[in-house]
Amino acid sequence: MLTEEEKHEIEEEFKLYPYKSAAAIEALKVVQKHRRWVSDESIKDIAQLLGITPDELDSVATFYNLIYRKPVGRNVIHICNSVSCWVMGYESVLKHLIDHLGITYGQTSSDGRFTLLPVQCLGTCDHAPALMINGDLYRDLTPDIINSILEKYQ
Amino acid sequence: MDDKPLTKYIRTDQVPMDIKEYEHSGGYEALRKILKTMQPKDVMDAVKDSGLRGRGGAGFPTGMKWSFVPMGDNAPHPKYLVANGDEMEPGTFKDRLLLESAPHQLIEGMIISAYAIQADIAYVFIRGEYTLAAKIIQASLAEAYQAGYLGKNILGSGFSLEMYVHTSIGRYMCGEETGLLNALEGKRANPRAKPPFPQSSGLFGKPTIVNNIETLSNIPHIMNNGGEWFKKLSLTGEGGTKLYGASGKVKKPGLWELPLGVTLRELLEEHAGGMKDGFKLKGLLPGGASTDFLTEEHLDVNMDFTNVGKAGSRLGTGTIIVMDDKTCPVGFVHNLEAFFAQESCGWCTPCREGLPWVQRILNAIEEGNGEMRDLDILSYHTKYLGPGNTFCALAPGAMEPLQSGLKYFREDFERHIKEKRCPWRS
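Treat the numbers as computed from the prediction; the structure is a model and nothing was measured.

Caption draft 1: Up close: the domain arrangement of chain B. All names here are of chain B. Segmenting chain B into domains produces domain 1 (5-233), domain 2 (241-324) and domain 3 (329-419). In this structure, domain 2 and domain 3 have C-alpha centres spaced 23 Å apart. Taken together, the contact between domain 2 and domain 3 spans 14 residues of the former and 15 residues of the latter. Summed over both partners, the interface of domain 2 with domain 3 buries about 1,200 Å², with 68% contributed by carbon and sulfur atoms. Of all residues in domain 2, Asp292, Phe293 and Met323 give up the largest surface area on contact with domain 3, accounting jointly for 45% of the area buried on that side. Measuring nitrogen to oxygen at the nearest pair gives 3.0 Å for the salt bridge that ties arginine 314 to glutamate 400. Counting only elements with at least two residues in the side of domain 2 that touches domain 3, the list comes to strand S7 (281-285) and strand S8 (319-324). Here the side of domain 2 that touches domain 3 takes 3 residues from S7, the largest share from any one element. Among the residues forming the side of domain 2 that touches domain 3, the class breakdown is 5 nonpolar, 5 polar and 4 charged.

Caption draft 2: Region of the structure containing the interface of chain B and chain A. On the chain A side, the residues contacting the 51 residues of chain B number 36 residues. Both faces considered, chain B and chain A share a buried interface measuring about 3,500 Å² in area, 60% of it formed by carbon and sulfur atoms. Per-residue buried area on chain B facing chain A is highest for Glu129, Ile169 and Arg188 of chain B; these three make up 20% of the total on that side. Seen at the junction of chain B and chain A, the total is 0 salt bridges.

Caption draft 3: View of unusual backbone geometry. Residue and element names in this part refer to chain B. Geometrically, the link from histidine 77 to proline 78 is a cis peptide bond, its omega value of -5° lying close to zero. Residue position: proline 78 is located in the loop between helix H4 (62-67) and strand S1 (80-85). The phi dihedral of leucine 155 falls on the positive side, at around 50°, and the residue is not glycine. Relative to the assigned elements, leucine 155 resides in the loop between helix H7 (131-146) and strand S3 (162-167). On the basis of relative accessibility, which here comes to 36%, the residue leucine 155 falls in the partly exposed class. Its identity is not glycine, yet lysine 420 carries a phi of approximately 55°, on the positive side. Relative to the elements of secondary structure, lysine 420 occurs in the segment after helix H17 (410-419).

Reading the values: the criteria
Residues numbered from 1 in each chain as written. Chains lettered and ligands numbered in written order. Predicted model: local features only at pLDDT ≥ 70, side-chain atom pairs only at ≥ 80, totals over all residues. Heavy atoms only, no water. Domains from an automatic or database assignment. Contact = heavy atoms within 4.5 Å. Buried area = accessible area lost by both parts, 1.4 Å probe. Salt bridge = Lys/Arg side-chain N within 4 Å of Asp/Glu carboxyl O. Helix = DSSP H or I, 4+ residues; strand = E, 2+ residues; numbered from the N terminus. Nonpolar A, V, L, I, M, F, W, Y, C, P; charged D, E, K, R; others polar. Buried < 20%, exposed > 50% of the residue type's maximum accessible area, 1.4 Å probe, protein only.

Dropping the structure here:
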């Protein structure tokens, strides 16, 4: 069940589009904002509100990289694996994260604190390597500064 | 006259000007002027005369693009203008600066452009990862509404425009014009068949113009100073400045506004400071991941649309990715193709099936499991996934660094296969 608040926020989005289903992406974002991910149940609930089938909505939800169809941790790390970060050695940063957190891509640490995901070029290539945690950007990374960054996210 | 118009309003600390400061520096004067003194057609003609070409990668003449929009009393409405801020081309980081540090320049450019095509609704389409940019544009839009530059009857001109921010949720295909329109309609960002072109049937089936952030940010300056001035800004006559950038193992990676047509040598050696000590230039991509490699022999090429084209590549986004001699070319190309394979939307078969195949072959070669005939298979792909064989430009773009990589670094590919290992990894 969507909460009243979620419903209200999604319905606000309807005003910006000529028909409801055009707000599909906004609706997915609203639910993810409140629940951190989008469950099968939420897909059904949102689809009903938009007047489309759950499969139709799921085809949209699974298409995009930033909608999570599985539960994620309290903090999501997106590490850039595109070419400039690769040239500048993001792999050593990744290795540090994997060793330190004990998780690899797509996994969540057992305490539920972090989920680790790759992301395409973050558009800050003159400061590679880069990563993003919950939308906050960190640049010019080296393995030795990672732990102090992670400390900010509990 | 300003020789660096795009960064004129960017403070050294890169904190964006608020609307008062922007107005105080001459901002929104172009908008005031055109609403008072120019017809939509005059604006369109001025942009045509300037020679401005799209800064998103394809380089299509902006004025000509606009001229395909149906005009007059019988034109369908609402018409739409979309600013493409889905900057996701690997190695590209120029629109981020304009979004984060010169928001009102973009908004003013969009209002003027919307006036030229008589659009009713405009969207700033921003990739989801650009969280700061979205916040800044959102706040600046509120200021612009407050000041009467947006909404009904702008500055008493009778022209009305609503402008919204759409933040995306991550997919390279959203940068492709028609993929972006599908994303805005709440669908998968698959490309659409053309024709009909978006100018006649775009967003929600209505006439739509999609322009890049940097393209639109040029518009106020062209209105203020004229097309002749704009043309003279460039070194080779193609018009304007360009935000050029460099990443990789150079001394000073960064972003600079320079006259369009600056040489690759000046860009690399002067502005980027040359290669880092201990590294030599092996090759570079001149304008993002989907452009052909250039090498040392091309350093005197002028970085404009025509000359980079003549050298066998594309200006693309103008942000160069430098590959040094201690970086493995096969690994470099493998990284690029892995990106394209992942970002293929799966809509058409050659791209969906071909790119993962290419990726797996490159991986095999990199791991020391390649065979000589793999190089032929890679070459076939550069033809079969090339222009004309796929639905959109993603796969042809993906083939550019592959075909030129095979051409310039063939020995390195062969060495991997002969030695059954990556020579760059000990």
